[in-house]
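# Fold and geometry: a report
Chain residues, written in single-letter form:
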Amino acid sequence: MGGLGVRWKVHGDGRVPAPGAVVKPDERLSWPRTAGLGAQHVVAMFGASFVAPVLMGLDPNLAIMMSGFATMLFLLATRGRVPSYLGCSLSFVGVAAVIRGQGGSSATVTGAILVVGAVLFLVGMAVRKFGARIIHAAMPPVVTGAVVMLIGFNLAPVTASTYWPQDQWTAALTMLLTGLAVVCLRGFWSRIAIFLGLVVGYLLSWGFDTVFGRIHSQDASGKTVDHWRLDLSGVGQADWFGLPSVHGPDFSWSAILVALPVVIALVAENAGHVKAVGEMTGDPLDDQLGTAISADGVGSVLSTAFGGPATTTYSENIGVMAATRVYSTAAYWAAACFALLFGLCPKFGAIVAAIPGGVLGGITVILYGMIGLLGAQIWINNRVDMRNPLNLVPVAAGIIIGVGGVSLKFTDTFELSGIALGTIVVLTGYHVLKALAPPHLKTQEPLLDEGTSGYDEKE
């Protein structure tokens, strides 16, 4: 059992770590305190894990439950060396919107994401065999940053046309208050700013319904009608205990091509997570990068096979570890168990599903923008020179294609557009231009992205 990372030594007296001490992944505090830390991790991942399935049109109960299973699988695969919670990935929200816009169903969405999970697993296995240098060879920082950016900014029309018009004033106030929470709150509270924004938006919608009555605006279906901002009718009808609804995947080549570019973002997320955790715990995790990527892929395949969203490592939970200095994987096992219990409560899912569209409008304005700007952060961290046309040209073309929804039609039934076409242009354009560029444009020393910069030292 110890070899699976499910046996922990008690740290000190099991109550309070000594000043300056850290609780290592193979240690734990007393079980009541460990359970409390697990609950804190669940709260930290709630905001994004709530929003992701709702925005994708998937069952939030099933999403939370599958995140618990995926986290357990991840902890077993990494033998308890990489403390991490696998929450619901927001990287596929734009993909889901595009697939549904093409007439795809929930099964089409989860089928496309399942294939991405399988590809992510294969990438992880390749990293285990050949080392992290293959990540840089195929996806240097200029490419990774561009793909992350176009994935985030591609979502702008979803906010502008679907969520914000449902209640513009609640959306504006939610945006303002969420922004204040992100910037002004400290420590743990700043890590759950999205969750706090959802709660405040919920209360605002209830208050506006009470004072002003129904609003005449676009509803969730896109029709302009009189409707309540907050409709809790489904909550009263939901049971306290029951299994979430499941469905099998449906595979469509056009949907799969739209989803595949997200592999790049997931690899970057996992690499950055492993690097950050290794630095915080003082335990170099170079040898775990491939395993972590593969485990995330398997977790996503497991979740989507039953109709849930993809999973990914959560930076929110890294923040909790940094604030508490408790890196015990026992706390993550507790968090996973709590997630399973929440998944068995349909009333909880009904509350999540009732989040008003105006609230989602305010949240997603910030959230989608933050996802896109993470791409710029990758460029900054790796000193990517956008004055070099070798970097500038493929990135400029790919981002405009991805954000603007430019399409390339091949037949009456097949075309590439948006995220898929933009990624192909960035990825192939960069490598083709690099092969053809004059030597003076290629003199800059190759830079690894932040998540993989330390992994090739022993190669």
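Cut-off values and rules
Residues numbered from 1 in each chain as written. Predicted model: local features only at pLDDT ≥ 70, side-chain atom pairs only at ≥ 80, totals over all residues. Heavy atoms only, no water. UniProt positions renumbered as here; feature names shortened; annotations may be inferred. Axes fitted to C-alpha atoms, helices over the stretch in contact; angles between N-to-C directions. Helix = DSSP H or I, 4+ residues; strand = E, 2+ residues; numbered from the N terminus. Parallel < 35°, antiparallel > 145°, perpendicular 65-115°, else oblique. Contact = heavy atoms within 4.5 Å. Nonpolar A, V, L, I, M, F, W, Y, C, P; charged D, E, K, R; others polar. Buried < 20%, exposed > 50% of the residue type's maximum accessible area, 1.4 Å probe, protein only. Left-handed = near helix turned anticlockwise from the far one by under 90°.

Looking up the protein in an unreviewed UniProt entry gives the name Nitrate reductase, with the organism given as Streptomyces diacarni. According to UniProt, the comment filed for the protein under the heading Sequence similarities (unreviewed entry) is "Belongs to the nucleobase:cation symporter-2 (NCS2) (TC 2.A.40) family." Check the Subcellular location (unreviewed entry) section of the UniProt entry for the protein; it says "Membrane".

Time to look at the packing of helix α6 (residues 141–153) against helix α18 (residues 357–381). Axis separation between α6 and α18 bottoms out at 7 Å; the angle between their running directions is 170°. The angle between α6 and α18 places the two elements in the roughly antiparallel class. Every residue of α18 that contacts α6 at Pro141, Val142, Thr144, Gly145, Ala146, Val148, Met149, Gly152 and Phe153 is listed here: Tyr368, Gly369, Ile371, Gly372, Leu373, Leu374, Gly375, Ala376, Ile378 and Trp379. In terms of residue class, the contact of α6 with α18 is built from 13 nonpolar, 6 polar and no charged.

Looking now at the environment of Val426. Looking at the secondary structure, you find Val426 in helix α20 (residues 418–436). Note on Val426: relative accessible area 1%, which makes it buried. Contact partners of Val426, with chain neighbours within four places excluded, come to Val143, Ala146, Leu150, Pro394, Val395 and Gly398.

The phi angle at Arg79 is positive, at roughly 55°, despite the residue not being glycine. Mapped onto the secondary structure, Arg79 falls in the loop between α2 (60–77) and β3 (86–88). The phi torsion at Arg383 lies on the positive side, around 55°, for a residue other than glycine. Examined against the element boundaries, Arg383 turns out to sit in the loop between α18 and α19 (389–404). With a relative accessible area of 59%, Arg383 lands in the exposed category.

One can describe the packing of α2 onto helix α16 (residues 329–343) by two numbers: an axis separation of 7 Å at closest approach and a directional angle of 155°. If you check the angle between α2 and α16, you find them roughly antiparallel. In this structure, the crossing between α2 and α16 has a hand that is left-handed. Where α2 abuts α16, its residues Asn61, Ile64, Met65, Ser67, Gly68, Phe69, Thr71, Met72, Leu75 and Leu76 lie against Thr329, Tyr332, Trp333, Ala336, Cys337, Ala339, Leu340, Phe342 and Gly343. Here the contact of α2 with α16 is composed, by residue class, of 13 nonpolar, 6 polar and no charged.

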